[in-house]
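# Per-entry structural report
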Amino acid sequence: MFKNMIVYRIAPQWQVELTQVEEALAKAPFLECGATQEKSLGWVPPRGDAHGPLAESVGGQWILRFMVESKVLPGSVLARRVKEKADRIEQETGRKPGKKESKELKDEAKLDLLPMAFTKQGSMWVWIDTASRLLVLDTSAQGRADEVVTLLVESLPGLSVSLINTQTSPQAAMSHWLATQEPPVGFTVDRECELKSADEAKAVVRYARHPLDIEEVQAHIAAGKLPTKLALTWDDRVSFMLTEGLQIKKVAFLDTVFEGTKADDGGFDTDVAIATGELVKLIPDLIEALGGEAESGVASAAQAMAAGAAPSSAPSAPARKTAGGGMVTGPREAPEDTDPESAPF
């Protein structure tokens, strides 16, 4: 649970009960793809129980699970079927299909093939911490996160979120930690990183299972290479990979986390309690290590509303409203989707 993380801040004006979330999610349950349906998405019971609740609370932490199913239709197979149809038209009429007709043939071929296509499924854990106003998605792929956040904002009236945006960029902070060999308080630098040059050459240097407190790494930083990934450990309890876009990957809970637990202390509630109990402390420490949180669009708008003033005409982040009346905002520049294939769908 939560092997990767993209973290959002929930605007303070959003105050709902778990029952309201359950009712909203029940309007968009996951259903398997129909015969000619390419993709289906929705919510499933987090515990895996048939007909179970779509929103669970464990120790006050809300857990949801998002599911996607898509049909696998290779491009080469589709192209062959389109060619067969086009060849048949040419044989029967003596003419080749035009551009518009070719597009129609492609749509027809897709409808022919979809009922026979294999399907693949993937799911994503979603964690809502109402006390800390955090929305955490179990993915490191920004494109996947955007899809889920959009559905959430449209489903939950008034929900407004923004990507966590820090005063110091992760890339600048990682450069400083590697150049000075001084990690932030409470963190240690592990044995993996990736450095990339900013020039046209885009040269990349990767270290794996290798000490990073060496002059060679400092020389790369001095030469202008910038870290895009850096392995860190927090409080000797959780190890992870921090990326330049503030995605948190390869989350692993260390043995110290499980001290005092029994071998049979497994199950959904235990897994959620352990994961959220550690991450709810790690996330603010990481934000602090990056200079603290920069003001987000939703936060500044909420503060302005509370003060009875109009929101600033120059928001710190772009924003878009949704049909549900909510808003999604983020840093001025969206983080790069560094590893779009890392998500299970």
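Up top is the structure.
Attention here is on the structure that accompanies the text.

About the thresholds
- Residues numbered from 1 in each chain as written.
- Predicted model: local features only at pLDDT ≥ 70, side-chain atom pairs only at ≥ 80, totals over all residues.
- Heavy atoms only, no water.
- Buried < 20%, exposed > 50% of the residue type's maximum accessible area, 1.4 Å probe, protein only.
- Helix = DSSP H or I, 4+ residues; strand = E, 2+ residues; numbered from the N terminus.
- Arc of directions from axis to C-beta.
- Contact = heavy atoms within 4.5 Å.
- Phe/Tyr/Trp six-rings, centres within 6.5 Å; stacked < 30°, edge-to-face > 60°.
- Lys NZ or Arg CZ within 6 Å of the ring centre and 35° of its normal.
- Expected span 1.5 Å × (residues − 1).
- Polar contact = N/O pair within 3.5 Å; in protein donor to acceptor, adjacent residues only side chain to side chain.
- Salt bridge = Lys/Arg side-chain N within 4 Å of Asp/Glu carboxyl O.

All right, on to helix H6 (residues 215–222) then. Note that an α-helix has 3.6 residues per turn; residues three or four places apart therefore point the same way. Val217, His220 and Ile221 are the residues of H6 that are buried. Looking straight down H6, one finds that the buried residues subtend no more than 100° of arc, so they occupy a single side. Residues of H6 that are exposed and point more than 90 degrees away from the buried face comprise Glu215 and Ala222. As for H6, its buried residues are in contact with helix H5 (170–180), strand E8 (187–197), strand E9 (204–208) and strand E10 (225–234). A positive phi of about 105° marks Gly224, the residue just after H6.

Moving on, we get to the packing of aromatic side chains. A complete count under the given rule lists four aromatic pairs for this structure. For the pair Trp43 and Phe66, a centre-to-centre distance of 5.3 Å together with 70° between the ring planes defines the contact as edge-to-face. Of the two residues, Trp43 is situated in strand E2 (residues 39–44) and Phe66 in strand E4 (residues 61–72); the sequence distance between them amounts to 23 residues. A cation sits over an aromatic face here: Arg65 above Trp125, 4.3 Å from the ring centre.

The end-to-end C-alpha distance of helix H4 (residues 142–155) is 20 Å, a good match for the 20 Å that 14 residues give at a rise of 1.5 Å each. Summarising burial for H4: ten of the 14 residues are buried, a large majority. Those residues of H4 not exposed but buried are Gln142, Arg144, Ala145, Val148, Val149, Thr150, Leu151, Leu152, Val153 and Ser155.

Turning to the environment of Asp269, a few remarks are in order. Take Asp269: it is sitting in helix H7 (residues 268–289). Linking Asp269 and Ser57, residues 212 residues apart in sequence, is a C-alpha distance of 9.0 Å.

Right, let's talk about the side chain of Glu56 for a bit. For Glu56, the location among the structural elements is in strand E3 (residues 56–58). Reaching out from Glu56, the side chain makes a polar contact with the side chain of Arg47 at a distance of 3.0 Å. Ignoring sequence-local partners within four residues, the contact set of Glu56 consists of Leu18, Pro46, Arg47, Gln61, Trp62, Ile63 and Phe268.

Throughout the structure, instances matching the rule amount to 15 salt bridges. Linking Arg47 and Asp269 is a salt bridge whose minimum nitrogen-to-oxygen distance equals 2.8 Å. Of this pair, Arg47 sits in the loop between E2 and E3 while Asp269 sits in helix H7; the two residues are 222 residues apart in sequence, bridging distant segments of the chain. Two residues, Glu108 and Lys85, come together in a salt bridge whose shortest N-O distance is 3.9 Å. Placement of the pair is Glu108 in helix H3 (residues 99–113) and Lys85 in helix H2 (residues 75–93), with a sequence separation of 23 residues. Residue class for Glu108 comes out partly exposed when judged on its relative accessible area of 39%.

By themselves, these figures tell us nothing about what the structure is for.
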